[in-house]
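Descriptive structure summary
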Amino acid sequence: MNSVIFKKELKRNRKNTAIWTAIVVVFTALILSIFPSFSEMGEEMAKLMSSLPEEYAKALGMDEETWSSIIGYYGTYYGIYIILLIGIFTASTGATIIGKEERDGTAEFLLTRPISRGSIVWTKLMALGTLFIIIYGIQTLSAVIGLLIFGEDVNWPVFTTMHVHGFFLVGFFTASGVLMSSFLSSKLNYMGPVVGLIFGGYFLNAISMAVEKVSWLGYFSPYHYLNLTAKNGVLELNLITCLGASVVVAVFLWISNKRYLSRDIVG
Amino acid sequence: MNAIELSSLSKFYGNQCGIESVSFAVKKGEIFGFIGPNGAGKSTTIRTLLGLLTATSGKAEILGMDTSNEGARIRERIGYLPSEVDYYSEMSSKELLLYHAAIYKVADAEKKIQELATYFQLELDRPIDDLSYGNKKKCAIIQSVLHDPEVLILDEPTGGLDPLMQNRFFELLERQNKKGVTIFFSSHVLSEIQRMCDRAAIIRDGKITAVEDISTLLSKQMKMVRLVTTSVNNIVLPVGALNHHQSGQKHTFDYVGPTQDLVIWLSSQSIIDVTLSEPDLERIFMNYYQS
């Protein structure tokens, strides 16, 4: 790893990271701060839930726990919004952290320095990993603080599992972004494919949960393998899937590295 | 020992030829010209040398190291000045040059940058995006020499520079060369090659058509002659005249041969006016090979 390039990458992405981190932290604080109001309306919310079509509630991952416990409530929003927001940020950064150099013409400057291409790619991936950990770590910390402030009897094992699963899920999206950019033209705006990948994965899983006939669609979604919502106060850690996700991420990054090593910089 | 050596280097983009079987050697301490019209394959050759493009076949060495697997070690010892300057828009010139210096671990970087910036009249604190093409080029020149490279690879280096800065740049190159730096000078401007280089390779349609001493090239070099004679009579053209056209008293022709012979011939003619000019490269190439 090259420390000069690493520092520059962090500096280059700091503004974007700060903005996205602020968004997820504010969102986390907002949803947790309004939970006490919802929980006070426990019976009314339960009635409202029962009036919702069952498929709709399932698709959104809502059940009685959504309104009766803060972790059930948080889990619903965590799966729908927070993972999507963090995933969009890290996957789009992953897609551009190398490709942007080509698109802006700066790849020529970078690749004519005395650093191997492999070292440049891994340095950029390390910087990406650091940004990922920063946003994910700060969001997790803000959620812990929010739960402590606004919740009572927080089910911490469920919270931990949820965030471990979320970590691997976002890791998968991030690696997918990097892989995508190694195959697509550097001139492409990656935001569309990245959002498509994350939303696509989410909605495939939502549809598969809502409509039994097409439950097989869930197999094509990473959300299916890394569950984020508790059932009856239990969410078991799926270690095998986490390990599998790590292998997939490693393979995606290895393929991307191979692609970048042999890529022509036409100028 | 050769500083740069290319052996049958080829680069194809699918079926399209970028360069084919390019071979030549640049001696250590030499200023070597690489000349050809736009699209001839100069930049492709340089980009393949630098590892930006993967060669389809053949071999290239810089300072005795294979460019295909020792790229990083080679780049420690070379400086590269690209034809198109694309730098990080969010940086100022100073930040970019300090970034470059940090990668190369240049001692006294700030002082060196300041000296070179003063020499080239470059404002260091302005964002790169706000700089004119010429100023970006100055920034590129400074980064190419800041780390005291042993070999300088220059791709169309004077584009965007005004005549004063071009002169300063050439003086800088001469000083570098006196220190023993090998210079590989790619250009489509023949006069720059003539001024700076000892030898030159000529590339056309991706193939090397000649590697010559500049003195040999000069002796074969063509002039475009326009003259107005005192009468409409035919004139006896000098040896080496090509493509003669006459319209009344006006004559135009290309001349390939010693300039002194041309001057002697001109002095024997009854002339009202004469213009000698350097024709464009395509014309030179055409006549160079005809002759």
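Source: prediction; values computed, not measured. (Residues numbered from 1 in each chain as written. Chains lettered and ligands numbered in written order. Predicted model: local features only at pLDDT ≥ 70, side-chain atom pairs only at ≥ 80, totals over all residues. Heavy atoms only, no water.)

Let us look at the sheet that holds strand β8 (residues 182–187) of chain B. All names here are of chain B. Strands sit in the order β6-β7-β8-β3-β9-β10 across an open sheet of six strands; the sheet is mixed. Every other strand in the sheet has two partners, leaving β6 (78–81) and β10 (207–213) as the edge strands with one partner each. On average, each strand axis in the sheet is tilted by 15° relative to the strand beside it, whichever way the strands run. Here strand β3 (residues 31–35) pairs with strand β9 (residues 199–204) via four bridges, running parallel. Each bridged residue has a counterpart across the sheet, and for Phe-32 the counterpart in β9 is Arg-199. The strands that helix α6 (residues 163–178) touches are β3, β6, β7 (151–155) and β8; relative to β8, the one it contacts most, it runs at about 150°. (Pairing = 2+ DSSP bridges. Helix = DSSP H or I, 4+ residues; strand = E, 2+ residues; numbered from the N terminus. Axes fitted to C-alpha atoms, helices over the stretch in contact; angles between N-to-C directions. Contact = heavy atoms within 4.5 Å.)

All names here are of chain B. Counting through the fold element by element, Val-236 comes out in the loop between β11 (222–229) and β12 (241–247). You can call Val-236 exposed: its relative accessible area is 66%. The sequence separation of Val-236 and Trp-265 amounts to 29 residues, and the corresponding C-alpha distance is 9.6 Å. Apart from residues lying up to four places away in sequence, Val-236 is in contact with Trp-265 and Gln-269. (Buried < 20%, exposed > 50% of the residue type's maximum accessible area, 1.4 Å probe, protein only.)

Before going further, it helps to spend a moment on the interface of chain A and chain B. The extent of an interface is frequently quoted as the accessible surface area lost upon association of the parts. Taken together, the contact pairs 25 residues of chain A with 26 residues of chain B. Taking both sides of the interface into account, the surface hidden between chain A and chain B amounts to around 2,200 Å²; carbon and sulfur atoms contribute 58%. Of all residues in chain A, the largest losses of buried area upon contact with chain B belong to Glu-108, Phe-109 and Pro-114 of chain A, amounting jointly to 29% of the total for that side. The tally of links from chain A across to chain B stands at three salt bridges. For Asp-264 of chain A, the salt bridge is made with Lys-11 of chain B, and the minimal N-O distance between the two is 2.6 Å. Ranked by the residues each element gives to the side of chain A that touches chain B, the list is headed by helix α1 (residues 3–33) of chain A, at five residues. Here the residues of the side of chain A that touches chain B sort into nine nonpolar, six polar and 10 charged. (Buried area = accessible area lost by both parts, 1.4 Å probe. Salt bridge = Lys/Arg side-chain N within 4 Å of Asp/Glu carboxyl O. Nonpolar A, V, L, I, M, F, W, Y, C, P; charged D, E, K, R; others polar.)

In total, this model carries 18 salt bridges over all chains according to the counting rule given. For the salt bridge of Glu-9 of chain A with Lys-124 of chain A, the shortest nitrogen-to-oxygen distance reads 2.6 Å. One end of the pair, Glu-9 of chain A, is in helix α1; the other, Lys-124 of chain A, is in helix α8 (residues 117–150), and 115 residues separate them in sequence. The class of Glu-9 of chain A is buried, set by a relative accessible area of 2%. The closest approach of N and O atoms between Arg-77 of chain B and Glu-150 of chain B, which form a salt bridge, is 2.8 Å. In this pair, Arg-77 of chain B is assigned in the loop between α2 (71–76) and β6 and Glu-150 of chain B in the loop between α5 (133–145) and β7, connecting sequence segments 73 residues apart. Here the salt bridges do not stand alone but share partners, grouping Glu-9, Arg-12, Lys-100, Glu-101, Asp-104 and Lys-124 of chain A together with Glu-90 of chain B into one network.

Taken domain by domain, chain B holds domain 1 (2–218) and domain 2 (221–290). The straight-line distance from the C-alpha centre of domain 1 of chain B to that of domain 2 of chain B is 36 Å. (Domains from an automatic or database assignment.)

All names here are of chain B. Contact geometry for α5 and α6: axes closest at 12 Å, N-to-C directions at 5°. One element, α5, and the other, α6, form an angle in the roughly parallel class. Residues Lys-138, Ile-141 and Val-145 of α5 form the contact with α6, whose own contacting residues are Met-165, Phe-169, Leu-172 and Gln-176. Each residue belonging to the contact of α5 with α6 can be placed in one class, and the counts come to five nonpolar, one polar and one charged. (Parallel < 35°, antiparallel > 145°, perpendicular 65-115°, else oblique.)

Right, let's get into the environment of Ala-250 of chain A. Here Ala-250 of chain A shows up in helix α12 (residues 239–261). Distance in space between the C-alpha atoms of Ala-250 of chain A and Gly-118 of chain A is 15 Å, their sequence separation being 132 residues.

Residue and element names in this part refer to chain B. Along the chain, the position of Val-274 falls in strand β14 (residues 271–277). Between the C-alpha atoms of Val-274 and Val-181, which are 93 residues apart in sequence, the distance is 42 Å. In this structure Val-274 touches Val-225, Arg-226, Leu-227 and Leu-266, once residues within four positions along its chain are discounted.

We now examine the sheet that holds strand β4 (residues 57–62) of chain B. All names here are of chain B. In spatial order, the strands read β2-β1-β4-β5; together these four strands make up an open sheet with antiparallel pairing. Looking along the sheet, the strands with just one partner apiece sit at the ends: β2 (16–27) and β5 (65–66). Here helix α1 (residues 42–49) sits on the sheet in contact with β1 (2–13), β2 and β4, set at roughly 110° to β1.

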